[in-house]
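# Tertiary structure, described
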Amino acid sequence: MLKVNEHFLQLPGSYLFSEIARRVSAYRTDHPQADVISLGIGDVTRPLAPTVIRALHEAADDQADEATFRGYGPEQGYAFLREAIAGRHYLPRQVVLQPDEIFVSDGAKSDTGNIGDIFSPDAVVAVCDPVYPVYVDTSAMSGRAGTYGSDGRWSRLIYLPCSRETGFCPQLPGPQDPVPDLIYLCFPNNPTGAVIQADALREWVDYARNHGSVILYDAAYEAYITEDLPHSIYEIEGARSCAIEFCSFSKLAGFTGLRLGFTVIPHELKIGGVSLNKLWNRRQTTKFNGACYLAQKAGEAVYSEQGQREIRETIAYYQQNARQIRRGLSDLGLEVYGGVNAPYIWLRTPEDASSWGFFDTLLQQAQVVGTPGSGFGPCGEGYFRLTAFGSHARTAEAMDRIRRLFGG
Ligand SMILES: *Cc1c(COP(=O)(O)O)cnc(C)c1O
């Protein structure tokens, strides 16, 4: 008898964003005049850079002419883009990559989720708590997470608690702790906005090399780094033999709708003598037919000089929002984290309110929507996430309301 993949049945409903939508919609029904501002979205709002738009138009014209028409491209991405990524993204950071170590994709969400395909089904996965839910849910779908407990934790996952005591950075497993095979790390972090210093990242790289683990490094927010921090895990010596890196044009250049990302698997990275680059290539050529030609031409334009200037301006726009939110909340005496090297501000809820309690207070008394920290994992309880992806005007208005609410 046919059965569904029973691992899916264990997954809790996508509770977080549907519950937020439910509460906002109930509030709007009761208060039809209310002007609700969302600082909860994890999506960009600014239009694409003019240079990117021009490249998109030109690429569209290519498709109109027999001489320049493109059908299926290489599954791994066009050479022009892989070379631009190697030369413009990595080389300035002293990271030397061959274009065939870079796999262009339709985004980092699919790649961070699909990467599990090339590892043994019984691989032990470690995730930070709180965490971007994709790593957890895709581990569950592949049967690597075990069973879901009433405490909100999966039985086979190793949770790396990230608390304010450690700057929301995970601590290395101790000598008595179980050894994870796969370790998901994301810096700058969503949801906490935390960063990792080169020294701390070096400890993780050394740990992975000493224990035969592989680090799955999500660098989706590297473009928001303003301090002296590693942008790529390959800036750390030894990382090429133990780490896969994921990157995305989504937060870098506003491609959340256009869809483009890439995954790096260096040739040195081998498990039991088997090249992970070769396995991923086999996986991609079988299950993926390449990212859209228009998106790849647009991605190439991001690396032009003018493109870089323009995307930097947009990132600076969001960073200004982040500073404004951060400063506003700190001035009110709130405990605030993130927002310096990331578009996320992570705050401790005042008066030990629960994450959802604070959500309701903010919605009902300031008409501002954020994201309850508990939605990202048990260690997120008592915290709250605000995002810097809104307009200056709406962000300023939201901060005025929060200031009035707290009597500032
Ligand atoms: C937004 C985000 C991504 C990017 O996902 P895309 O599929 O490339 O849009 C990846 N990782 C994290 C943690 C994110 O927040």
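In case you missed it, the structure is sitting above this.
Below you will find a few notes about this structure. These numbers were taken from a predicted model, which means no experiment stands behind them. (Residues numbered from 1 in each chain as written. Predicted model: local features only at pLDDT ≥ 70, side-chain atom pairs only at ≥ 80, totals over all residues. Heavy atoms only, no water.)

This paragraph deals with the sheet that holds strand β4 (residues 158-161). The seven strands are arranged β2-β8-β7-β6-β5-β3-β4 in an open sheet whose pairing can be described as mixed. Edge positions in the sheet fall to β2 (102-105) and β4, since each has one partner strand and no second. The average angle at which neighbouring strand axes cross in this sheet is 20 degrees, direction not considered. Where strand β6 (residues 214-218) and strand β7 (residues 243-248) come together, four bridges link them in parallel fashion. (Pairing = 2+ DSSP bridges. Helix = DSSP H or I, 4+ residues; strand = E, 2+ residues; numbered from the N terminus. Axes fitted to C-alpha atoms, helices over the stretch in contact; angles between N-to-C directions.)

With that settled, the discussion passes to the pairing of strand β15 (residues 383-387). In terms of burial, β15 is largely enclosed, as five of its five residues are buried. Alternating residues of β15 divide into Tyr383, Arg385 and Thr387 and Phe384 and Leu386, and every residue in both groups is buried. Here strand β12 (residues 344-348) runs beside β15; their pairing, made up of five bridges, is antiparallel. Its bridge partner being in β15, Ile345 is matched across the sheet by Leu386. Looking at chain direction, strand β14 (residues 371-372) and β15 are connected through two bridges and run antiparallel. When the bridges of β15 are listed, Thr371 appears paired with Arg385. (Buried < 20%, exposed > 50% of the residue type's maximum accessible area, 1.4 Å probe, protein only.)

Following the sequence through the fold, Pro47 ends up in the loop between β1 (37-38) and α3 (50-62). Assessed through its relative accessible area of 62%, Pro47 is described here as exposed. Pro47 sits 207 residues away from Gly254 along the chain, and the two C-alpha atoms are 7.4 Å apart.

So, about the site of the ligand. In the region of the ligand, 14 residues are neighbours, and Asp218, Tyr221, Ser248, Ser250 and Lys251 sit closest. Here a nitrogen atom of the ligand and a side-chain polar atom of Asp218 are 2.7 Å apart. The contact in question runs from an oxygen atom of the ligand to an N or O atom on the side chain of Arg259, over 2.7 Å. Looking at the shell around the ligand, the elements with two or more residues in it are α5 (108-114) and α8 (249-253). For the shell around the ligand, the class distribution of residues is six nonpolar, four polar and four charged. (Near = heavy atom within 4 Å. Polar contact = N/O pair within 3.5 Å; in protein donor to acceptor, adjacent residues only side chain to side chain. Nonpolar A, V, L, I, M, F, W, Y, C, P; charged D, E, K, R; others polar.)

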